[in-house]
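Coordinate analysis (summary)
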Amino acid sequence: MDTLDRLAEPGLDLLGRVDTLLAAGAPEGHRVWPLLRRMQVLPGEAVRNFLDLHPAPLAGAGHAARRLVRGYDDASAALADPVLWSGPAASAHGQARAALLRHLDEGPESLIGRLESTAGYADALADWVEGSRRALARALADVLRSAEAVAVVAATSVPGGGPGHRGPGGTEAAEIAARVLAVLCVAYDGAETLLRQWGPSLAESRWWEPVADRPRYDAPTRIGW
């Protein structure tokens, strides 16, 4: 459990009140409006969804991808072993084996290259989640101890403070929402940046079958000569 988890209960309670006040609208021209339009979600729901993101599963996925690399290394070593046979079939087999070796482990577009990129992307996402959770925790801690939080709690604790209510607390609710949504916007910008950076390295590793003369299997083949 990290700081964000510990702040989740009081934070969601406050943001639920903020959402209630925002349902009646925010002050015209307030900076929360472009954030609401971009996120398409109220701050309480936005934070609730973000709480499900944790770095550990992503870090685990990176470790799992790296473990697969060792298996591909073993396959590459087996393919590199010499064979003691000759003839047209052996020649065709050698070409296919060389192509498969290149497909397995030759450059960033090989299977091993893609696995290593996948592991790196998972690590980068884990770091993004961890950093974003810290930033959101700081934002929640700030708004929970703010004067705006006191006003919002007071406004939603009196009769008539539900949806459609335009009494005190609306401006304060908009300010809290703006502070929380601004942090989440930065977080999601970071995720989109990571996808743009890593996207080309995560493309499918395509297999190109080598072009070679098909062997005639009715031709005599010498094995072990």
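Before reading further, recall that the structure is shown in the block above.
Residues numbered from 1 in each chain as written. Predicted model: local features only at pLDDT ≥ 70, side-chain atom pairs only at ≥ 80, totals over all residues. Heavy atoms only, no water.

A closer look at helix α2 (residues 32–39)
- Of the positions making up α2, those classed as buried are V32, L35, L36 and M39. Around the axis of α2, the buried residues are gathered within 100° of arc, so they sit on the same side.
- Its buried side turned inward, α2 meets α8 (170–198). (Buried < 20%, exposed > 50% of the residue type's maximum accessible area, 1.4 Å probe, protein only. Helix = DSSP H or I, 4+ residues; strand = E, 2+ residues; numbered from the N terminus. Arc of directions from axis to C-beta. Contact = heavy atoms within 4.5 Å.)

Topic: the packing of aromatic side chains
- In this structure the tally under the stated criterion is four aromatic pairs.
- Judged by centre distance (6.4 Å) and plane angle (55°), the rings of W128 and Y188 are tilted. Separated by 60 residues along the polypeptide, W128 in helix α6 (residues 111–144) and Y188 in helix α8 bring together distant segments of the chain.
- Using a relative accessible area of 15% as the deciding quantity, one classes W128 as buried.
- The exposure class assigned to Y188 is partly exposed, which follows from its relative accessible area of 29%.
- Chaining the aromatic ring pairs together yields one cluster made of F50, W128 and Y188. (Phe/Tyr/Trp six-rings, centres within 6.5 Å; stacked < 30°, edge-to-face > 60°.)

Regarding unusual backbone geometry
- The phi dihedral of Q40 falls on the positive side, at around 60°, and the residue is not glycine.
- According to the relative accessible area criterion, Q40 is exposed, its value standing at 64%.

What about the packing of helix α4 (residues 55–80) against α6?
- It is at 8 Å that the axes of α4 and α6 come closest, and there the two elements cross at 165°. Taken together, the axis directions place α4 and α6 in an arrangement best described as roughly antiparallel. α6 is crossed by α4, and the crossing has left-handed handedness. (Axes fitted to C-alpha atoms, helices over the stretch in contact; angles between N-to-C directions. Parallel < 35°, antiparallel > 145°, perpendicular 65-115°, else oblique. Left-handed = near helix turned anticlockwise from the far one by under 90°.)

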